[in-house]
Amino acid sequence: MSTQTQALDSQTHTSQQDEDEENYEVKNLEAEVNQMAEKILQYRSTLPDQLKTTLASILAAQRPVVLTRFDDGSEPCPSSDPNPAAERWPSQAEENQENEEKLQLLKSKISSNASAMPILLKRMKECISRIDKLDSLKGTIHPSFKRTRTR
């Protein structure tokens, strides 16, 4: 019976060691999960702000610098505006002014084309009348100027 009790003791001892090891592993895993949860909370609170500032700085670095001229005729230099976005992007007023200039140019081209229309119409009528006059004369036309008809 002593061998049986020793065998039982060794089995219970082994099963108790297994339980202890499992408990130890479970506690370690729970500790790791808690650490990961803390890190995730920290990242959730800080990462959006970091991404926002990083993206803003990258975009600001890629924007072209707008040079401004002073009213006193001095050379252009970068704007000393404290707002960095304002110095790199043209303002709404500048864009409106450019659009107004383009619109004025378009209007002037249209009006010059419209004013040239009567002259063009007169020339076209003259050309048509000459063609009609040549057709009515029925004179001899050199063969090199005649079209050959193809069927």
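Please read all numbers here as calculations on a predicted model, not as lab measurements.

## As for the overall build of the protein chain
Now for step 1: Within the protein chain, the secondary structure is distributed over 3 helices and 2 strands.
Now for step 2: Order of helices (α) and strands (β) in the protein chain, N terminus to C terminus: α-β-β-α-α.
Now for step 3: Within the protein chain, buried positions represent 1% of all 151 residues.
Now for step 4: When the accessible surface of the protein chain is totalled, it reaches about 14,600 Å², and 57% of it is carbon and sulfur.

## Regarding helix α3 (residues 92–137)
Now for step 1: Here α3 spans 67 Å end to end across 46 residues, near enough to the 68 Å set by a 1.5 Å rise per residue.
Now for step 2: Count one or two residues on from α3 and you reach Lys 138, which has phi positive near 50°.

## A look at a nonpolar patch on the surface
Now for step 1: A contiguous nonpolar surface patch, about 320 Å² in accessible area, is contributed by Tyr 43, Leu 47 and Leu 51.
Now for step 2: For Tyr 43, the position within the fold is in helix α1 (residues 2–62).

## So, a negative patch on the surface
Now for step 1: Taken together, Asp 18, Glu 19, Asp 20, Glu 21, Glu 22 and Glu 25 make up a surface patch of like negative charges.
Now for step 2: On the basis of relative accessible area, Glu 22 is assigned to the exposed category, the value being 51%.

## Considering the layout of surface pockets
Over the atoms rolls a probe the size of a water molecule, and in doing so it shows where empty space is left.
Now for step 1: Approximately 190 Å³ is the volume found for the largest pocket.
Now for step 2: As for the largest pocket, its lining consists of Ile 131, Leu 134, Asp 135, Leu 137, Lys 138, Gly 139 and Ile 141.
Now for step 3: Counted by class, the lining of the largest pocket contains 4 nonpolar, 1 polar and 2 charged residues.

## Topic: the confidence of the model for the protein chain
Now for step 1: In this model, the protein chain carries a mean pLDDT of 77, and residues with pLDDT of at least 70 account for 73%.
Now for step 2: Averaged pLDDT values for the elements of the protein chain fall to 50 in strand β2 (residues 77–78) and rise to 87 in α3.

So, how was this worked out
- Residues numbered from 1 in each chain as written.
- Predicted model: local features only at pLDDT ≥ 70, side-chain atom pairs only at ≥ 80, totals over all residues.
- Heavy atoms only, no water.
- Helix = DSSP H or I, 4+ residues; strand = E, 2+ residues; numbered from the N terminus.
- Buried < 20%, exposed > 50% of the residue type's maximum accessible area, 1.4 Å probe, protein only.
- Areas by Shrake-Rupley, 256 points an atom, 1.4 Å probe, with all protein chains shown as cover.
- Expected span 1.5 Å × (residues − 1).
- Patch = residues over 30% accessible without salt bridge, like charges linked within 9 Å, V, L, I, M, F, W, Y side chains within 5 Å.
- Salt bridge = Lys/Arg side-chain N within 4 Å of Asp/Glu carboxyl O.
- Lys, Arg positive; Asp, Glu negative; His and termini not counted.
- Charge placed at Lys NZ, Arg CZ, Asp CG, Glu CD.
- 1 Å grid on protein atoms, 1.4 Å probe; cavity = no way out; pocket = protein on both sides within 12 Å on 5 of 7 lines; lining within 4 Å.
- Points joined across faces, edges and corners; volume = space filled by probe spheres on them.
- Nonpolar A, V, L, I, M, F, W, Y, C, P; charged D, E, K, R; others polar.
- pLDDT = per-residue confidence, 0-100.

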